[in-house]
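What follows is the residue order along each chain.
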Amino acid sequence: MKGRLFALVDCNNFYVSCERVFDPALEGRPVVALSNNDGCVIARSEEAKALGIPMGAPLFRVRPLIREHGVRVYSSNYALYGDMSGRVMASLAEFAPDVEVYSIDEAFLDIAGAGRRGAARYGREIRAKIHRWTGIPVSIGIAETKTLAKLAAGIAKGSPDGVFAFPRAVALARTEVGDVWGIGRRHAAMLKASGILTALDLRSAALGWARKRMGLGGARTVLELGGTACLDLETQPAEKKTTTVSRSFAHPVEELDALRDAVSVFAARAAAKLRRGRLLAGGVTVFIHTNRFAESGPQYHDAATRPLASPTSHTGDITGAALSALERIFRPGLRYKKAGVLLFELIAEERAPLTLFGAGGDSGRGGRLMKAFDEINRKFGRGLIRYGSARPGWRMNQACRSPHYTTRWEDLPRVAADGGRARGCS
DNA sequence: TCTGGGGTCCTAGGACCC
DNA sequence: TCTGGGGTCCTAGGACCC
């Protein structure tokens, strides 16, 4: 992989930036976006970071700071973020022959065409145009390997023009080892205990030692920090192998009936996800657990798996299997905090094997039923019609969600009208 | 009765990512 | 009172085989 040049384009404070696009009054103010259930902070504006609101902080713990400084708070609005992400990624395709959409707010670009000398200038051009076209500010890191490009992007965040190219020893020495892509909490602690504190230290670590202590991935990281590219651009999105729907409950759940309701809803949602991706699942796993943060009361977590007779995306089949798995692991007298449904052995619909009953998959009566079902839910709102035991019993907390500006006509922003956005929020 | 190497497949759990 | 959700890959160990 000689002569490769990677750019990592990283949207700044992405969810907050999305909210700002549609409410410019948020500019210059501290803003945070919350996880599902309004549980914790998962995106912060620079102003919010400066106030000392940590990433992942539980909302209740930073309430005082929020009140004191008038921080604006937003529930997660994935319809909006997903749509904005699509716009950014489509814009990036203008700048490189190959783009790897790495996450909702990051992409790797092959910019070998710009050449080493022109790379930084090209980065600044990309940044300016993405901002003009989508309203989203980005940082860009450029280097010979993906790991170094990531590291460079981290430095670019603090630089005036938002672009940093070709990190050298000084830049590596400024980067804590735990901030290196691929080094998580456990490995960071282990490395620090061994006297390896920075990316520069890690770059000089012995390869065999890294392999032994951190596995294949760790050795690869050491090589990539040294400029040897081990990771290529992955432009084809990998085929999904599993899909999960899970939620924490706002209040602890003790009754089997309530868990059955939740699991039925999750199973129905997971099945709908399959159908949207034209996939079928070969099996179902259900898991439940108590509150791992609770200081009193017994802890319990378990999971059970059920095979599906033949690969399917049929809500009835999947719900039935999921409920049977739930019966198996449910223990009375416990306060459950979370449950989830995981579908695995996913295959594309058209690759479904033939069965005794004729065509594979869901092409028969059940398949048509599901299609009609999805169509009605799409038109009239998710959850209007449900399958069997899926009754609405509980809801996500989303006190402060912004409108679906980009994906629903009725939520289009009104010019010169307040619209009462983000009711009940600071 | 004891002693071996080598291979595959599966699963649970760890570690990482956003 | 209140602590996200959704993924992937790797490894170690057990079962089983020749």
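Here the structure is a predicted model, which is why all the values come from computation and not from measurement.

Caption draft 1: Region of interest: the sheet that holds strand S4 (residues 72-74). One open sheet accounts for 3 strands, arranged S3-S2-S4; its pairing is mixed. Edge positions in the sheet fall to strand S3 (41-44) and S4, since each of these pairs with one other strand and no more. Neighbour-to-neighbour, the strand axes of the sheet open up by a mean angle of 25°, direction not taken into account. Pairing of strand S2 (residues 31-34) with S3 involves 3 bridges; the strand directions are antiparallel. Bridging across to S3, Ala33 finds its partner in Ala43.

Caption draft 2: Fine view of the layout of surface pockets. Of the voids in this model, the second largest pocket is the one considered here, and its volume is about 880 Å³. Contributing to the lining of the second largest pocket are 22 residues, with Gly39, Pro58, Ser248, Phe293 and Lys337 lying nearest its centre. Elements represented by at least two residues in the lining of the second largest pocket include exactly helix H3 (59-69), strand S9 (243-253), strand S10 (279-290) and strand S12 (336-344). The residue inventory of the lining of the second largest pocket, partitioned by class, reads 7 nonpolar, 10 polar and 5 charged.

Caption draft 3: Local environment of the packing of helix H11 (residues 256-276) against helix H12 (residues 315-329). Look at H11 against H12: their axes get within 9 Å of each other, and the N-to-C directions meet at 145°. Our pair here, H11 against H12, has a crossing hand that is right-handed. Touching Leu256, Leu259, Arg260, Val263, Ser264, Ala267, Ala268, Ala271, Leu274 and Arg275 of H11 are Thr315, Ile318, Thr319, Ala322, Leu323, Leu326 and Glu327, all from H12. Of the residues assigned to the contact of H11 with H12, the class counts are 11 nonpolar, 3 polar and 3 charged.

Caption draft 4: Focus on the protein's contact with DNA strand B. As a structural note, the neighbourhood of DNA strand B is formed by 13 residues, with Glu106, Lys150, Gly182, Gly184 and His187 the closest of them. Contacts to DNA strand B include Asp105, whose side-chain N or O atom sits 3.0 Å from a sugar or linking oxygen. Where the surface near DNA strand B is concerned, the elements lending two or more residues are strand S5 (99-103) and helix H8 (185-193). Its residues assigned to classes, the surface near DNA strand B comprises 4 nonpolar, 4 polar and 5 charged.

Caption draft 5: Here's a closer look at the packing of helix H1 (residues 14-22) against helix H4 (residues 78-92). Where H1 contacts H4, the two axes come as close as 10 Å, and the packing angle between them is 90°. Considered as vectors, H1 and H4 are oriented roughly perpendicular to each other. Across from Phe14, Tyr15, Cys18, Glu19, Val21 and Phe22 in H1, the residues of H4 making contact are Tyr78, Leu80, Tyr81, Met84 and Ser85. Grouping the constituent residues of the contact of H1 with H4 by class yields 9 nonpolar, 1 polar and 1 charged.

Caption draft 6: Seen up close, the pairing of S12. The pairing of S9 with S12 spans 7 bridges and is classified as antiparallel. The partner of Ser246 across the bridge, within S12, is Gly340. Pairing of S10 with S12, which is carried by 8 bridges, proceeds in the antiparallel orientation. If you follow Val284 over to S12, its bridge partner there is Leu343.

Caption draft 7: A look at the protein's contact with DNA strand C. Neighbouring DNA strand C are 25 residues, the closest being Lys241, Thr244, Ser246, Ser248 and Lys337. Measuring from a phosphate oxygen of DNA strand C, one finds a backbone N or O atom of Ser248 at 2.6 Å. A distance of 2.4 Å separates a phosphate oxygen of DNA strand C from a polar side-chain atom of Lys337. Put simply, the parts of the chain that give the surface near DNA strand C at least two residues each are H3, helix H10 (207-225), S9 and S12. When residues in the surface near DNA strand C are grouped by element, the largest group, 6 residues, is from S9. Looking at the surface near DNA strand C, its residues break down into 6 nonpolar, 10 polar and 9 charged.

Calculation criteria
- Here the residue numbers are simple positions, counted from 1 along each chain's written sequence.
- As a convention, the first chain written is A and the first ligand written is 1, with the rest following in written order.
- This being a predicted model, a pLDDT of at least 70 is required before a residue's local features are given, and a value of 80 or more before pairs of side-chain atoms are given or counted; all residues contribute to the totals for chains, interfaces and linings.
- In computing side-chain values, all of the structure's heavy atoms are included and hydrogens and water are not.
- Between any two strands, at least two bridges found by DSSP are needed for them to pair.
- To qualify as a helix, a DSSP run of H or I must reach at least 4 residues; to qualify as a strand, a run of E must reach at least 2; elements of each kind are numbered from the N terminus.
- All axes are obtained by fitting lines to C-alpha atoms, using only the stretch in contact for helices, and the reported angles, taken between N-to-C directions, cover 0 to 180 degrees.
- Only protein atoms enter the calculation, which uses a 1 Å grid: trapped sets of points that fit a 1.4 Å probe without letting it out are cavities, open sets showing protein on both sides within 12 Å along at least five of seven lines are pockets, and any residue with an atom within 4 Å of a point is a lining residue.
- Grid points are joined across faces, edges and corners, and a volume is the space filled by probe spheres set on the points.
- Amino acids outside the nonpolar list (Ala, Val, Leu, Ile, Met, Phe, Trp, Tyr, Cys, Pro) and the charged list (Asp, Glu, Lys, Arg) are all regarded as polar, and Gly is one of them.
- In a left-handed crossing the near helix is turned counterclockwise from the far helix by less than a right angle, and in a right-handed crossing that turn is clockwise.
- Note on contacts: a residue pair qualifies if any of its non-hydrogen atoms lie within 4.5 Å across the two residues.
- Here, proximity means that at least one heavy atom of the residue falls within 4 Å of the molecule or strand.
- Within 3.5 Å is the distance limit for a polar contact, defined as a pair of N or O atoms, with the added protein rule that one can donate a hydrogen and the other accept it, and that residues adjacent in sequence qualify only through two side-chain atoms.
- Geometric relationships in this document are graded by angle, where less than 35 degrees denotes roughly parallel, more than 145 denotes roughly antiparallel, 65 to 115 denotes roughly perpendicular, and other angles denote oblique.

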